[in-house]
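# Chains, contacts and geometry: an overview
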Amino acid sequence: MVANPGGGSTDAGGGPVRHIPVLLEEVIAALAPAPGKLILDGTFGAGGYSSAILAAGAEVIALDRDPTAIASGQAMVATHGGRLKLVHSQFSHLADHAPQGGLDGVVLDIGVSSMQIDEAERGFSFQKNGPLDMRMSVDGVSAADVVNRAKVADLIRIFHFLGEESQAPRIAHAIEKRRAEKPFETTRDLAGLIELVTPRKMKDKIHPATRVFQALRIFVNDELGELAQALFAAETALKPGGRLVVVTFHSLEDRIVKKFFSDRAGKASGSRHLPVAHERAATFAAIGKPMVSASEAEAEINPRARSAKLRAGQRTDAAAEAADMSLFGFPNLASLGKLGG
């Protein structure tokens, strides 16, 4: 996903470069927008990809779950005279916004936006003190709800799986002890405790709270589930020949996208020593290299691009397969619905 969630305007996850879309040239090459084509941008943000797609002559349906992004994009909608439709929606619902004839392309830039990181009141960054929130949609269960209400065992699983935090048990138990005295309310409140429990070592490249903040953000916004559902939705919404292009910033999401395209490439079941029992038709064919990363030149100009990975596939005429979430092997985590205040 994005890099350091605690970073501010110089964060490798996307601080000062909010108007520089990552891997733009590679995205446009894989997406192949052109006059007469309809492309869905599932993560509008500041409109970087949408602008480039419109410049290539295509029409765009752009989605964003953040109402702030929708409001900020209205001037862009007005500028393009009906060629850009901006919709407040999670990208997992993208098929609901596709025409009957299908889409020519779908592009997804996965992760928290630079604008969200830069706004202290959104609670994504511990470098900017603010409420412990992290909700992209500005409603529902907040990070404070999770930290103050989740069972210790659930916190450990969240921090370990979604943040890949090796000190998850120690941090979770420290949170339990502290919240019994006073609930967590601010980003620096939580970051400060984590720093006391797991002090930063000289060799550490990131703040001790980075992985926990990442885990909380992913959990609060159900980012892995949203991505998986969006991939299934794109398979349904794309017409034959349509293209799906996904840019990720973290290994968790990249593994989901890689697994999806690998599964949808079609495969035969049964032993190689026996006749093929069943052969699945591919629903996606690879476009270019299996994975594209940013050049050193782009990473130097745009730090957010350093961890970016692009994967793309072209829809075949085979029928879409079932949206089976077991494909991704997600663990059972706490229910968000039971943690609300």
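Residues numbered from 1 in each chain as written. Predicted model: local features only at pLDDT ≥ 70, side-chain atom pairs only at ≥ 80, totals over all residues. Heavy atoms only, no water.

Per an unreviewed UniProt entry, the chain goes by Ribosomal RNA small subunit methyltransferase H and derives from Rhizobium leguminosarum. According to the UniProt record, the Catalytic activity (unreviewed entry) comment for the chain reads "cytidine(1402) in 16S rRNA + S-adenosyl-L-methionine = N(4)-methylcytidine(1402) in 16S rRNA + S-adenosyl-L-homocysteine + H(+)". Under the heading Subcellular location (unreviewed entry), UniProt records this for the chain: "Cytoplasm". (UniProt positions renumbered as here; feature names shortened; annotations may be inferred.)

## Some points on unusual backbone geometry
A positive phi angle, near 55°, is found at Ala-32, a position not held by glycine. Within the secondary structure, Ala-32 is located in the loop between helix H1 (24–31) and strand E1 (38–41). The backbone phi angle of Asp-222 is positive, close to 45°, even though this residue is not glycine. Among the secondary structure elements, Asp-222 is positioned in the loop between helix H10 (210–220) and helix H11 (223–237). Judged by its relative accessible area of 41%, Asp-222 falls in the partly exposed class. (Helix = DSSP H or I, 4+ residues; strand = E, 2+ residues; numbered from the N terminus. Buried < 20%, exposed > 50% of the residue type's maximum accessible area, 1.4 Å probe, protein only.)

## Side note on the pairing of strand E4 (residues 103–109)
The element E4 is extensively covered by neighbouring structure, given that seven of its seven residues are classed as buried. Alignment of E1 against E4, held across three bridges, turns out to be parallel. Within E4, the residue paired with Asp-41 across the bridge is Val-107. (Pairing = 2+ DSSP bridges.)

## Considerations on the packing of H11 against helix H12 (residues 251–263)
Two elements in contact, H11 and H12, have axes whose closest approach is 10 Å; the angle formed by their N-to-C orientations is 25°. In terms of orientation, H11 lies roughly parallel with respect to H12. The crossing of H11 and H12 is right-handed. Contacts between H11 and H12 involve Glu-223, Leu-224, Leu-227, Ala-228, Leu-231, Phe-232 and Glu-235 from the former and Leu-252, Glu-253, Ile-256, Val-257 and Phe-260 from the latter. Looking at the contact of H11 with H12 residue by residue, the class counts come to nine nonpolar, no polar and three charged. (Axes fitted to C-alpha atoms, helices over the stretch in contact; angles between N-to-C directions. Parallel < 35°, antiparallel > 145°, perpendicular 65-115°, else oblique. Left-handed = near helix turned anticlockwise from the far one by under 90°. Contact = heavy atoms within 4.5 Å. Nonpolar A, V, L, I, M, F, W, Y, C, P; charged D, E, K, R; others polar.)

## Quick word on the UniProt feature "binding site: S-adenosyl-L-methionine" (unreviewed entry) in the chain
Residues annotated by UniProt as "binding site: S-adenosyl-L-methionine" (unreviewed entry) correspond here to Gly-47, Gly-48, Tyr-49, Asp-64, Phe-91, Asp-109 and Gln-116. Position of Gly-48 among the secondary structure elements: in helix H2 (residues 48–55). By relative accessible area, which is 24% here, Gly-48 ends up partly exposed. When you line up the elements, Phe-91 lands in the loop between strand E3 (84–88) and E4.

## Let's talk about the layout of surface pockets
Here the second largest pocket is characterised by a volume of approximately 350 Å³. Along its surface, the second largest pocket is lined by 17 residues, and Glu-165, Gln-167, Asp-204, Pro-208 and Arg-211 are the ones closest to its centre. Grouping the amino acids of the lining of the second largest pocket by side-chain chemistry returns five nonpolar, four polar and eight charged. (1 Å grid on protein atoms, 1.4 Å probe; cavity = no way out; pocket = protein on both sides within 12 Å on 5 of 7 lines; lining within 4 Å. Points joined across faces, edges and corners; volume = space filled by probe spheres on them.)

## Things to note about H1
Three or more residues of H1 are buried, namely Val-27, Ala-30 and Leu-31. Here the buried residues of H1 occupy an arc of 95° about the axis, which is enough to place them on one side. Residues of H1 that are exposed and angled more than 90 degrees away from the buried face: Glu-25 and Ala-29. One or two positions beyond H1, positive phi appears at Ala-32, with a value near 55°. (Arc of directions from axis to C-beta.)

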